[in-house]
Amino acid sequence: MPVERPDALPAARRPHRLSGGLPGLLAPGATTDPYRLRLYRLLRTDYPLGYDPALGAWLLSRYGDVALALTDPRFTGYPHDGAPRGRAPVPLGLCRGSLVCAPLTVPWSTAEPAVERTAYVLARRIAGRDRADLVADFCRWLPAGAAVAAAGLTHPELSALPRGTRQGRAVGGAADCTGSTALREHALASFLANMLDDPDLLAAATAGEAGGGARGEGSGSLLGRAWAETLRRDPPVQIVLRRTRTEVAVSGGTLPADAPVACLIGAAGRDPARFAAPDRFDPLRADADPLLIGPAGCPAALLGRLEAEHGLRALLTAMPGIRWADGFRPVAGGLLTRGPRTLLVRPS
């Protein structure tokens, strides 16, 4: 297949170019949708290594180079985004890379029922409406609501709290990982968009909930795979900053020592050299990769998966006929962090 050249794009959709032809990552339009502008594809094919002065960092877009920067000891954290140095977790997926990242002190026997209970309360509130926005009415409340419910507050108390308090409460003692819910909101919205956008997949999940299994997988396994696939295809954090300790050779050349490096997670997750049909949402893909999900034991990552699985189950239970509102199609936005801004549905 011939490489798609930028000159073949309509003039209004050509990425803004910097010196040497490198497309600008923070150019107008790119910050809204780098996928539609084919910016990530252009960087992977023609500019696998280049310096973006607006971002103040070298850009890595190919999966192999990004994986190297995330795992090789020649790279370390970049101080301006709070990323860690040394052996602390790399901020990836829902993990913020906190130096004090620790397992939840609240046991799952307490945390999981709290997530499930909050999801069903929110779903039942939506079920009687003619139209609802899942982002405003569900995704923004479930992560914060699950956190305060697990901390021992009741739902009436939750509804009376100001929004800043709701977001500031954390489950257990891992406040740095779970206290900020914005990334979990984005990830949950992307997960629900992907599931509702595929009637066959949604039917498989529903059948699995009834005990029949789905596509040869148990329901929990199917939903877990769908959650991991969402973090690959539609990561809530698109860019992770790192710094080189020494010179490092990558596919596009050599990174200098002590240089800031922007790992383009959104580009790496859709690299056709690593993933077959990378733009397709396929929970059962054979080439799934846990690297892009983040640290397995991160409290935020664990809570995010619980919120996704129990959130979808609650919606399907309360609204078995849920579907997109007439004429609506989900659209994600953002470059540094990304997710759908609205998810308009008809509950029945």
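Fair warning: this is a prediction, and the values are worked out from it, not measured in the lab. (Residues numbered from 1 in each chain as written. Predicted model: local features only at pLDDT ≥ 70, side-chain atom pairs only at ≥ 80, totals over all residues. Heavy atoms only, no water.)

J.: Teacher, can you tell me more about the overall build of the protein chain here?
T.: Within the protein chain, the secondary structure is distributed over 13 helices and twelve strands. When contacts within the protein chain are restricted to residue pairs at least 6 apart in sequence, those whose partners lie at least 24 apart make up 67%. When the accessible surface of the protein chain is split by element, carbon and sulfur atoms take 54% of a total near 14,700 Å². (Helix = DSSP H or I, 4+ residues; strand = E, 2+ residues; numbered from the N terminus. Contact = heavy atoms within 4.5 Å. Areas by Shrake-Rupley, 256 points an atom, 1.4 Å probe, with all protein chains shown as cover.)

J.: Help me understand the pattern of salt bridges, please; the structure alone is not making it clear to me.
T.: Once their charged atoms are close, side chains differing in charge can pair, the charge on each being opposite to the other. Following the criterion strictly, the structure yields 16 salt bridges and no others. R129 serves as the salt-bridge partner of D137, at 2.8 Å between the closest nitrogen and oxygen. For R129, a relative accessible area of 34% translates into the label partly exposed. Three or more residues are tied together by salt bridges with common partners; here these are E229, R232, R285 and D287. (Salt bridge = Lys/Arg side-chain N within 4 Å of Asp/Glu carboxyl O. Buried < 20%, exposed > 50% of the residue type's maximum accessible area, 1.4 Å probe, protein only.)

J.: What exactly am I supposed to notice about empty space enclosed by the protein here?
T.: Over the atoms, a rolled probe matching the size of one water molecule traces out where space is still vacant. This model, assessed by the stated rule, comprises two cavities of 30 Å³ or more. In this structure, the second largest cavity is lined by S190, D234, P235, Q238, A332, R338 and G339. (1 Å grid on protein atoms, 1.4 Å probe; cavity = no way out; pocket = protein on both sides within 12 Å on 5 of 7 lines; lining within 4 Å. Points joined across faces, edges and corners; volume = space filled by probe spheres on them.)

J.: Please clarify how the sheet that holds strand β5 (residues 239-244) should be interpreted in this entry.
T.: Strands pair in a sheet through their backbones, by hydrogen bonds, and they do so in one of two ways: parallel or antiparallel. An order of β1-β2-β8-β5-β3 is seen for the five strands of this open sheet, with the pairing classed as mixed. The two strands at the open ends of the sheet, each matched to only one other strand, are β1 (49-52) and β3 (75-77). Taken over all neighbouring pairs, the strand axes of this sheet differ in orientation by 40° on average, direction set aside. Of the strand pairs in this sheet, strand β2 (residues 57-60) and strand β8 (residues 260-264) are connected by three bridges, and their pairing is parallel. Note on β8: the bridge partner recorded for W58 is V261. Docked against the sheet, helix α2 (residues 63-71) engages β2, β3, β5 and β8, running at close to 125° with respect to β8. (Pairing = 2+ DSSP bridges. Axes fitted to C-alpha atoms, helices over the stretch in contact; angles between N-to-C directions.)

J.: Please clarify how the sheet that holds strand β4 (residues 132-133) should be interpreted in this entry.
T.: Across the sheet, three strands lie side by side as β4-β12-β9; this open sheet has antiparallel pairing. Because the sheet does not close on itself, it has two edges, and the strands there are β4 and β9 (323-324). Looking at chain direction, β4 and strand β12 (residues 344-346) are connected through two bridges and run antiparallel. In the strand pairing of β12, D133 is matched with L344.

J.: Help me understand helix α13 (residues 299-318) in this model?
T.: In an α-helix, one turn spans 3.6 residues; hence positions three or four apart end up facing the same way. Helix length check: α13, at 20 residues, gives a terminal C-alpha distance of 28 Å against a target of 28 Å (1.5 Å per residue), a fit within 8%. For α13, the tally of buried residues reaches 16 of 20 residues, placing the bulk of the element in the interior. (Expected span 1.5 Å × (residues − 1).)

J.: For this particular structure, what's the right way to read unusual backbone geometry?
T.: The phi angle of most residues is negative, glycine excepted, and most peptide bonds adopt the trans form. At D258, a position not held by glycine, the phi torsion is positive, near 55°. Mapped onto the elements of the fold, D258 is located in the loop between β7 (253-255) and β8. For D258, a relative accessible area of 52% puts it in the exposed group. Residue A277 is not a glycine yet carries a positive backbone phi of 45°. Here A277 shows up in the loop between α12 (265-268) and α13. A relative accessible area of 36% places A277 in the partly exposed class.

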